[in-house]
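One letter stands for each residue in the lines below.
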Amino acid sequence: RVRVLAGPEIVALASNGAPVAGAVNDVTTVGSVDGELSVQDRLTAVQGRLADAGRADEITMTASAAELIGVHVGQVIPLGFYTAAQTEQSGFGTPEVMPRLRVRARLVGIVVFDNQVVQDDIDRAYGFMVVTPALIRRVVGLSPAAAAPVEYGLQLDRGSGVARTVEQEFIRTLPPGAAYEIHATSVVAAQVELAVKPESVALGAFGVIAGLVALVLGIQAISRQLRWGDEERRVLRALGAGPVAAAGDGLIGVLVAVLLGSALAVAVAVGLSPLSPLGPVRPVYPDPGIAFDWTVLGLGFAVLVGGLGSAAVAFSYRGAPHRVSRIGSGRTRGSSITRGAEAAGVPVAGVVGVRFALEPGRGRTAVPVRSALLGTVLAVALLVATLGFSSGLHTLVSTPSLYGWNWNYMLNPSDDVPPQAIKLLNADPDVAAWSGAQLANSQIDGETVPTLVSYTTHPVVTPSVLSGHGLDGEDQIVLGPATLAVLHKRVGDTVIVSYGAPDDAPVYIPPTKVRIVGSATFPAVGFSSFIADHTSMGTGALIAPGIVPLAFHRALLSPDPNLNGPEMVFVRLRAGVGATAGRANLQRIANAPDKVFAGDPNAAGNTVTVLGAQRPVQIVNYKSIGATPVILAGGLAAGAIVALALTLVASVRHRRRDLALLKALGFTPRQLTAVVAWQATVTAAVGVIVGIPVGIILGRQLWTLFARNIDAVTDPTVPVVSVILVGIGALVFANLVAALPGRIAARTPTAFVLRAE
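None of these values were measured; they are calculated from a predicted model. (Residues numbered from 1 in each chain as written. Predicted model: local features only at pLDDT ≥ 70, side-chain atom pairs only at ≥ 80, totals over all residues. Heavy atoms only, no water.)

Draft legend 1. Looking closely at a nonpolar patch on the surface. Together, V718, V720, I724, I728, V732, F733 and L736 make up a nonpolar patch on the protein surface, roughly 630 Å² of accessible area in all. Looking at the element boundaries, F733 is found in helix α25 (residues 720-737). (Patch = residues over 30% accessible without salt bridge, like charges linked within 9 Å, V, L, I, M, F, W, Y side chains within 5 Å. Areas by Shrake-Rupley, 256 points an atom, 1.4 Å probe, with all protein chains shown as cover. Salt bridge = Lys/Arg side-chain N within 4 Å of Asp/Glu carboxyl O. Helix = DSSP H or I, 4+ residues; strand = E, 2+ residues; numbered from the N terminus.)

Draft legend 2. View of helix α24 (residues 669-709). Over its 41 residues, α24 runs 57 Å from end to end, which matches the ideal 60 Å to within 8%, given 1.5 Å per residue. When the local axis directions of α24 are compared, the greatest deviation, roughly 35 degrees, occurs at G691, which is followed within four positions by the proline P693. Looking one or two places after α24, you find D711, whose phi comes out positive at around 65 degrees. (Expected span 1.5 Å × (residues − 1). Bend = angle between axes of the 7 residues up to and from the residue.)

Draft legend 3. Region of interest: the environment of A189. Along the chain, the position of A189 falls in helix α7 (residues 185-228). On the basis of relative accessible area, A189 is assigned to the partly exposed category, the value being 39%. C-alpha separation for the pair A189 and D114, spaced 75 residues apart in sequence, amounts to 9.9 Å. (Buried < 20%, exposed > 50% of the residue type's maximum accessible area, 1.4 Å probe, protein only.)

Draft legend 4. Broad picture of the nonpolar core. The biggest cluster of nonpolar side chains holds 34 residues, and the ones touching the most others in it are L396, M410, L452, V525, M568 and F570. For this core, the secondary-structure elements that each account for two or more residues are α15 (369-398), β11 (431-444), β16 (509-521), β18 (568-573) and α24. In contact with L396, other than residues within four places in its own chain, are L402, Y403, I619, W703, I710 and A712. If you look at the next biggest cluster of nonpolar residues, it comprises 27 residues, including A65, I110, L135 and I136. (Core = buried A, V, L, I, M, F, W, Y, C linked by side-chain atoms within 4.5 Å. Contact = heavy atoms within 4.5 Å.)

Draft legend 5. Region of the structure containing the pattern of salt bridges. With the rule as written, the count across this model stands at seven salt bridges. We note a salt bridge from E58 to R55, for which the minimum N-O separation is 3.5 Å. Of the residues examined, E58 reaches a relative accessible area of 6% and is grouped as buried. Between D445 and K489 there is a salt bridge whose closest N-O contact spans 4.0 Å. Note that D445 is positioned in the loop between β11 and β12 (447-454) and K489 in the loop between α17 (481-487) and β15 (494-499), a separation of 44 residues in sequence. Judged by its relative accessible area of 25%, D445 is partly exposed. Connected via shared salt-bridge partners are R49, R55, D57 and E58.

Draft legend 6. Main features of helix α16 (residues 419-427). All buried positions along α16 are accounted for by A421, I422 and L425. Along the long axis of α16, the arc covered by the buried residues comes to 100 degrees, so they all point the same way. Turned more than 90 degrees from where α16 packs its buried face, K423, N426 and A427 sit exposed. Check the buried side of α16 and you find it contacts β10 (409-413), β11, β18 and α19 (579-598). (Arc of directions from axis to C-beta.)

Draft legend 7. Focus on the environment of I444. With respect to the helices and strands, the residue I444 is situated in strand β11. Excluding residues that lie within four positions of it along the chain, I444 makes contacts with V449, T451, I477, L479, L487, V495, I496, V497 and A541.

Draft legend 8. Representation of the side chain of Q614 in the model. Considering the arrangement of structural elements, one finds Q614 in the loop between β19 (608-611) and α20 (617-620). A distance of 3.0 Å separates a polar side-chain atom of Q614 from the backbone oxygen of G612. Those residues in contact with Q614, other than ones at most four positions away along the chain, are D121, I122, Y403, W405 and A524. (Polar contact = N/O pair within 3.5 Å; in protein donor to acceptor, adjacent residues only side chain to side chain.)

And the structure:
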């Protein structure tokens, strides 16, 4: 199937009858009479509705187009149609050139194209207005040329497997020297995957962390529950129950609780499924209703049941009366830290608290000390790791060089950067270095790849290199990691680069073998087009100018010297030059050629724009996970506090006898409260001392893995202040949660507890 998209010159008009400022260059009008955008490559309305194909007075726009023109859904907009001859007149863009046809159309919806679900800053700088077949037929009646195709949409019978063959056949059918761009839907899918990859990887990592916390808290609860029944199991054993019956007492109830809790977790996940998917895909997702993913939910259910059930069986067997009697017959050594506290002259309440925190005790007063310490260490480590990951994400977003923008500003002309601007750059003391480039879509081993053709063989300012090195020879190429993966190549291999077909000569690069000398994170640079691809992080190529034949260069030269130069210039400012001053200085450089263009009849309307960092789709959409680390960190902190509070309460309950003896020996209620406070402080201190280094290492490794997955420069950071606050907060909150168990300990009824002795 082949569908055709037309691009009639229909623009929004201002109150004076002239085109709206910016609408001509920044908003492209498209439409079709054969089903493109309605039957094939269908639009999705994210606000309002789609236009009625039979009405010439209804239109839709992308969100960026509506913003550029300054309109909203429901508003009636005056439109004007201009013929090709009118657009060539010197007064075009002013009221002097009146449109051939005027129409008042209502904006009925904001739409998303299927290949623009995710967009970077380059794409968002432009917009599209979609007109109906009825309006196109009206303008074609006035000017048949308005129906000229600007895009062919090809749907292949055998899918993408024959795409390369069809592309080459298409190129051979074009007239010699014709310009073309080929865009495959597989590129769209890859771009969407790149956009949601940070979110999916981060949520996956956070899910693992949350799962570990859930398992640790669950195991601690199971351990406490089973220990509370130790006395009953001893009674059963004394009454003649066998080892299996005694060990299994209470286990069935725990296993049932594990099954019910895991089933409830699955039910909650299914109930929350309408909130998915997250991020930029959600507005166009076809079925956002209830979803049940057997793979994910089944695996999660199995992990919870298997992990918690195995822990329950192990604890029940380990605490069986027949094993406890044998294990308990040996002597237990006290903690060396406790002995050190005694030798250091720590108050007696402190020594007892240290012993309670580090020594599990024996018999019916035994407490799961090891699991409590492990849980605290794990909670602190995961909290620090989460903060480290969040810090890395913030550093990535705020450091353009990490996502390929390895310079300060870019000079972006409507044609080329003229020689006048190049001279000013060379003479400017604020400019440390600059490099120029051309953007094209070349064929590399048969794959269409957005390519930067360097202005010089040894560019000084280049994208951030990840491995290998940059260009230093004519037969070399640098590729993005995602492009390397598509080509199944690695640094050191060779590829074949070409452009066009032999019939296009001299605008033709014959198949040329080049060596891959490095991989790099490519910047989001280029221009917006309905189908054109541009470089972005992992996607792209950088080649030396020598690969382009001299005849090709000559064919592109203009007889007007003001129209010759690089298509874009990357500028790195000298260290110490402020962003505001540097941009103002570059704007002065850009204004100089604008004046030259204004006085050159061949260059009328050309401009040079100064652009700051343009964010790729991965960075544009980072906000969809921006709050996730904070939420997870808060959840981990709350879980750790709850776990510690439960441990302290359980410890006070199990050690009532010890506390009663201490009270009988003269401990005051204040000292008993201090015992629990010391116990909580020591537990938290162990978590801080061990957990913080482990968390820093884990956070760095997680961030490195994440950065490599999205093809960014790996630059893990440690949020020192946040880590210090975690350490202090752990000690403070440990003492706060110890207040209630401390009061319980202080009120231990001595006579009642010791009566059984």
